Amino acid sequence: MVDALRRAHRIVTADGIVVDLHPSASPAVVEIGDCLTGSVAVVDGQRRHAAADAAIATVVREGLFAIERRTEFAFHTHADTIDELRDYIEENWRDARVDEATVGRTRAAARELPGERPRAREQVILTVMRPRTLPA
């Protein structure tokens, strides 16, 4: 990612911005209503997301970009059933899965919380960077 940010620095105009959006290193969780039922297992997600943070820190330290704004927020993926949520995560998230224990707890919680839908919650980091002019 450092190489991509270095290339972005070469092509973004002085009045332009670069926006990075990626999940934080915190694991995503499965919830229904106010009940936390488990987490989403990701093979190397924490490492990849921490590497994105490190790449941003590198280009800022090199003087290529200045961080204009950094915001962390919760991003929710909703589904009608835990099976639908599990299938969506396994098909669309890189190397992620919802284990059977979490599926079971979510089904049990759904019986106790009629009308509530399961969701995955992940913390996402949005970073807005402005290119800096390097001395000649």
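Up top is the structure.
Since we're looking at a predicted model, the values are computed, not measured.

A.B. asks: So what about the environment of Arg97? Which residues, and what values?
C.D. replies: With respect to the secondary-structure elements, Arg97 resides in strand E6 (residues 96–97). What makes Arg97 partly exposed here is its relative accessible area of 44%. For the pair formed by Arg97 and Arg7, sequence separation is 90 residues and the distance between their alpha carbons is 34 Å. The residues contacting Arg97, other than those within four sequence positions of it, are Val40, Ala41, Ile89 and Glu90.

A.B. asks: Any chance you could break down helix H2 (residues 45–61) for me, citing the residues and the numbers?
C.D. replies: With 17 residues, H2 should reach 24 Å at 1.5 Å per residue; the first-to-last C-alpha distance of 24 Å fits that figure. What H2 keeps buried is the set Gly45, His49, Ala52, Ala55, Ile56, Thr58 and Val59. Where H2 is buried, its residues meet helix H1 (2–11), strand E1 (18–23), strand E4 (41–42), strand E5 (65–78) and strand E7 (118–131). At the C-terminal side of H2, Gly63 shows a positive phi close to 80 degrees.

A.B. asks: Describe unusual backbone geometry, naming the residues involved and giving the relevant values.
C.D. replies: Phi is positive for Asp95, which is not a glycine, with a value near 50 degrees. On the secondary structure map, Asp95 appears in the loop between helix H3 (82–92) and E6.

A.B. asks: Break down the pairing of E7 for me, with residues and values.
C.D. replies: Burial analysis of E7 places 10 of its 14 residues in the buried class, which makes it a mostly covered element. Two elements, E1 and E7, share 6 bridges in a ladder whose sense is antiparallel. Of the residues in E7, the one forming a bridge with Leu21 is Leu126. Where strand E2 (residues 29–32) lies against E7, 4 bridges are found, and the strand directions are antiparallel. From the neighbouring strand, Val30 faces E7, where its bridge partner is Ala120. Both E5 and E7 contribute to a ladder of 13 bridges, which runs antiparallel. Of the residues in E7, the one forming a bridge with Phe73 is Val124.

Reading guide: rules and limits
Residues numbered from 1 in each chain as written. Predicted model: local features only at pLDDT ≥ 70, side-chain atom pairs only at ≥ 80, totals over all residues. Heavy atoms only, no water. Helix = DSSP H or I, 4+ residues; strand = E, 2+ residues; numbered from the N terminus. Buried < 20%, exposed > 50% of the residue type's maximum accessible area, 1.4 Å probe, protein only. Contact = heavy atoms within 4.5 Å. Expected span 1.5 Å × (residues − 1). Pairing = 2+ DSSP bridges.

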